[in-house]
Amino acid sequence: MNTLASRARPTAPAWPALWRRAAPLAWPLGGIAVMLFVWWLGGLYLAGNPDTLMFASFAPGPTFAALWRMLGEAALWDAIGASLYRIGAGLFWGALIGIPLGIVIGYFSLAMRMANLPFQFLRMISPLAWMPLAVLIFDTWDGAIVFLILMASLWPIVFSTAHGVKRIDPGWFKVARNLGADSLQMLRRVILPAVMMDMMAGIRLAVGVAWVVLVPAEYLGVTSGLGYAINDARDTLDYAALTAVVLVIGVIGFALDSLCVMLMRRFNWQLEG
Amino acid sequence: MGATIHLNAITHRYKAGAPTVLEDIDDQIKSGERVVLIGRSGCGKSTLLHMIAGLLMPAEGCVKIAGRQVVRPSAKWNMMFQKPSLYPWMNVRDNVALGLRFAGAGKAEIRERVAGLLDLVGLADQAGANVQSLSGGQQQRVALARSLATRPDVLLLDEPFSALDAFTRASLQQEVAGICGDLGITLVTVTHDIDEAILMADRVLIMGRNPGRIEARLTVDLPWPRDPGSVDFQQRRRALMEQFQQTDQFQQTGDGSRTERPPSSAQDRDGAPWRRVSNG
């Protein structure tokens, strides 16, 4: 008995140690497994009912098969490219307008008092509501969609940047002025690095909203992009492909968000702990 | 280095009709002199320092440094605050180099000057460190090096050591006074700490309040560096205390021409100047 116990002891702690290392990965993977299971149950339900049998290819099996096929085709990659271009261009303009606007609003309290009400009002308007106007203003569908992404991404960037500027330690301004900084140096060496994190947080929010708005925006008019791919799959009754595109949208959205989180960490100057 | 500071008939109120904060401040601080402004909270000593720095314009009168009126901040007269206000996204070296960068100095010059300054304040081995990982005293040393980087003629200290522990405070007080003496920088320190005043001053200006005025001037003729334990030091300290008490009594009884304060407020809430007496 004694010898057995002492022999077993060295190997016994291996399991908890292994579990500790695997646990951070195990829980999210478990979550994904639950999601897949619910999805599979849904597919089973659709297949079991004669009225919904035609939609059975929404299920995981056909979807992953379709996804695998589509990954080898140019069409999916073209759609991804078109969508990424639109969101990239929209975010670029959103940042180009939103960051300076946010800095002005955050720096001058008068500008803040003037801008707050109209901006809060504009912020609550769905970017998609601008669609008819965008179509009138812009010659191309692409231009209109980029404008909608701009409208979606502008407000989070403006508000986050303004909030960051307002929170800047007044001592930093005083010291910089004392050391002889002119306005441009103040902006470059003090304001921008100080609010970099808030700006990135705003851009992260903007990416989230913009990616959500992009798909319905691409339902309208255009003949490229992931939103169009969904519409196209619906029209051709290729439900497996439709779900595959939904999956791709989710994965890219997650990747974009992760990229933002990475950039936020990169620009975070606060010491951890 | 070093420059004369003229305080010419400065009277200040923040708004027309508001109470007078400073009244008829007149003094001449010699080039390289170390002066301490001491007074109770609210006597306007910090306001006066901000005026010397060019961060605030007096309503009447003017400040002149090296014969020229001060109308804006400049790296030539540099102010250090109670909070070091270091930039956390820069390491120690870049914080110190900031004023030189603003002035458009070359890379080689910046590298050389910053290395020298970090040596001077004893942080040469921390050049690449994150400023947030430094102790309060080390942070204030970085701020000191940053202020010295632009080779200022005048260094202005607004209670820069009050947030530090007693040991760090004592060594920094000696260091700053010593460095300014060596470099010939005119030093003006604002404090409500009597020991700090005797430790750092060639001359102490005692300020009364309501309105803020220079009530008395005291020359501290002790050799450098100063020894707080010496009999001479204690004697100067007592002299300053007495001077201070007189000023206070004068303000309490009033001389008819001044606004009298109610007795309840005569003893200041924080009693700052007396706080360290029992520890001395």
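All figures in this text were calculated on a predicted structure; none of them were measured in a lab.

### Let's talk about the overall build of chain B
And then number 1: Looking only at helices and strands, one finds seven helices and ten strands in chain B.
And then number 2: Counting the 280 residues in chain B, one finds 43% classified as buried.
And then number 3: In chain B, of all internal contacts separated by at least 6 residues, the share reaching a separation of at least 24 is 71%.

### Quick word on the overall build of chain A
And then number 1: When helices and strands are counted, chain A shows eleven helices and zero strands.
And then number 2: Helices and strands in chain A line up, N terminus first, as α-α-α-α-α-α-α-α-α-α-α.
And then number 3: Its C-alpha atoms give chain A a radius of gyration of 25 Å, clearly above 19 Å, the size a compact globule of 273 residues would have.
And then number 4: Projected onto its principal axes, the C-alpha positions of chain A cover 75 × 70 × 30 Å.
And then number 5: Sorting the 273 residues of chain A into buried and exposed places 33% on the buried side.
And then number 6: For chain A, the share of sequence-separated contacts (at least 6 apart) that also reach a separation of at least 24 residues comes to 72%.

### With respect to the interface of chain B and chain A
And then number 1: Listed as interface residues are 21 residues of chain B and, on the opposing side, 16 residues of chain A.
And then number 2: The set of elements that each furnish at least two residues to the side of chain B that touches chain A consists of β6 (77–80) and α2 (92–102) of chain B.
And then number 3: In terms of residue count, α2(B) provides more of the side of chain B that touches chain A than any other element does, three residues in total.
And then number 4: The residue inventory of the side of chain B that touches chain A, partitioned by class, reads twelve nonpolar, eight polar and one charged.

### Quick notes on the sheet that holds strand β5 (residues 68–69) of chain B
Residue and element names in this part refer to chain B.
And then number 1: A sheet is described by the order of its strands in space; here four strands give the open sequence β2-β1-β4-β5, paired in antiparallel fashion. Pairing within the sheet leaves two strands with one partner each, and these edge strands are β2 (22–29) and β5.
And then number 2: Relative to β2, strand β1 (residues 5–12) is paired through five bridges, and the arrangement is antiparallel. Across the sheet, the residue bridging to I10 is I25, located in β2.

### Some thoughts on the pairing of strand β9 (residues 203–208) of chain B
All names here are of chain B.
And then number 1: By the criterion of burial, β9 is predominantly enclosed, with five of the six residues buried.
And then number 2: Note that strand β3 (residues 34–39) and β9 share five bridges and pair parallel. What sits directly across from I38, in β9, is I206.
And then number 3: One ladder, built from six bridges, connects β9 with strand β10 (residues 213–219); its direction is antiparallel. Among the inter-strand pairings, V204 is bridged to a residue of β10, identified as L218.
And then number 4: From the end of β9 to the start of β10, which pair antiparallel, there are four residues, and N210 there has a positive phi angle of about 55 degrees.

### Re the domain arrangement of chain B
All names here are of chain B.
And then number 1: Domain assignment breaks chain B into domain 1 (1–74 + 178–280) and domain 2 (77–151).
And then number 2: Every contact between the two is made by seven residues of domain 1 and, on the other side, four residues of domain 2.
And then number 3: The residue makeup of the side of domain 1 that touches domain 2, split by class, is five nonpolar, two polar and no charged.

### Remarks on the sheet that holds β6(B)
Residues and elements named next belong to chain B.
And then number 1: Read across the open sheet, the six strands follow the order β6-β7-β8-β3-β9-β10; overall the sheet is mixed. Looking along the sheet, the strands with just one partner apiece sit at the ends: β6 and β10. Each adjacent strand pair in this sheet contributes to an overall mean axis angle of 20 degrees, direction not counted.

### Looking at helix α1 (residues 45–53) of chain B
All names here are of chain B.
And then number 1: The buried fraction of α1 amounts to eight of the nine residues, a majority that puts the element mostly inside the structure.
And then number 2: When we look at burial in α1, the residues that qualify are K45, T47, L48, L49, H50, M51, I52 and A53.
And then number 3: A positive backbone phi angle near 80 degrees is found at G54, which sits one or two residues after α1.

### Topic: the nonpolar core
And then number 1: Of all hydrophobic cores here, the largest spans 135 residues; its most connected members are A:L148, A:I149, A:A210, A:V245, B:L37, B:I52 and B:L156.
And then number 2: For this core, the domains that each give at least three residues are domain 1 (1–74 + 178–280) and domain 2 (77–151) of chain B.
And then number 3: Residues within four places of A:A210 in sequence aside, it is in contact with A:I87, A:G90, A:L91, A:I149, A:A152 and A:S153.

### Details of α2(B)
And then number 1: With nine of eleven residues buried, α2(B) is to be regarded as a mostly interior element.
And then number 2: Inspection of α2(B) places B:V92, B:R93, B:N95, B:V96, B:A97, B:L98, B:G99, B:L100 and B:F102 among the buried residues, and these make up the whole buried set.
And then number 3: For α2(B), the elements touching its buried residues are α9 (183–219) of chain A together with α3 (107–120) and α4 (136–149) of chain B.
And then number 4: Remark: B:G104 follows α2(B) within two positions and exhibits a positive phi of approximately 80 degrees.

### Structural notes on unusual backbone geometry
Residues and elements named next belong to chain B.
And then number 1: Look at A66: it is not a glycine, yet its phi comes out positive at around 50 degrees.
And then number 2: Mapped onto the secondary structure, A66 falls in the loop between β4 (60–65) and β5.
And then number 3: The phi torsion at R151 lies on the positive side, around 50 degrees, for a residue other than glycine.
And then number 4: Mapping R151 onto the fold places it in the loop between α4 and β7 (154–158).

### As for the environment of B:E109
All names here are of chain B.
And then number 1: Position of E109 among the secondary structure elements: in helix α3.
And then number 2: The exposure class of E109 is exposed, given the 12 C-beta atoms found within 10 Å.
And then number 3: In this structure the C-alpha to C-alpha distance between E109 and Q140, which are 31 residues apart in sequence, comes to 23 Å.

### Details of the packing of α9(A) against helix α11 (residues 239–267) of chain A
Residues and elements named next belong to chain A.
And then number 1: Taken N-terminus to C-terminus, the directions of α9 and α11 make an angle of 175 degrees; their axes are 9 Å apart at the nearest point. Looking at the two axes, α9 sits roughly antiparallel to α11. Seen from α9, the contacting residues are M196, M197, M200, A201, I203, R204, V207, G208, W211 and V215; seen from α11, they are I249, G253, L256, D257, C260, V261, L263, M264 and F267.
And then number 2: Partitioning the contact of α9 with α11 into residue classes produces 15 nonpolar, two polar and two charged.

### A look at the confidence of the model for chain A
And then number 1: Taken over all residues, the pLDDT of chain A has a mean of 88, while the share at 70 or more is 94%.
And then number 2: Per-element averaging of pLDDT across chain A places helix α1 (residues 2–8) of chain A at the bottom with 50 and helix α4 (residues 74–107) of chain A at the top with 94.

Analysis parameters
- Residues numbered from 1 in each chain as written.
- Chains lettered and ligands numbered in written order.
- Predicted model: local features only at pLDDT ≥ 70, side-chain atom pairs only at ≥ 80, totals over all residues.
- Helix = DSSP H or I, 4+ residues; strand = E, 2+ residues; numbered from the N terminus.
- Buried ≥ 20, exposed ≤ 12 C-beta atoms within 10 Å, placed from the backbone.
- Contact = placed C-beta atoms within 7 Å.
- Rg over C-alpha atoms; globule rule 2.2 N^0.38 Å.
- Nonpolar A, V, L, I, M, F, W, Y, C, P; charged D, E, K, R; others polar.
- Pairing = 2+ DSSP bridges.
- Domains from an automatic or database assignment.
- Axes fitted to C-alpha atoms, helices over the stretch in contact; angles between N-to-C directions.
- Core = buried A, V, L, I, M, F, W, Y, C linked by C-beta atoms within 7 Å.
- Parallel < 35°, antiparallel > 145°, perpendicular 65-115°, else oblique.
- pLDDT = per-residue confidence, 0-100.

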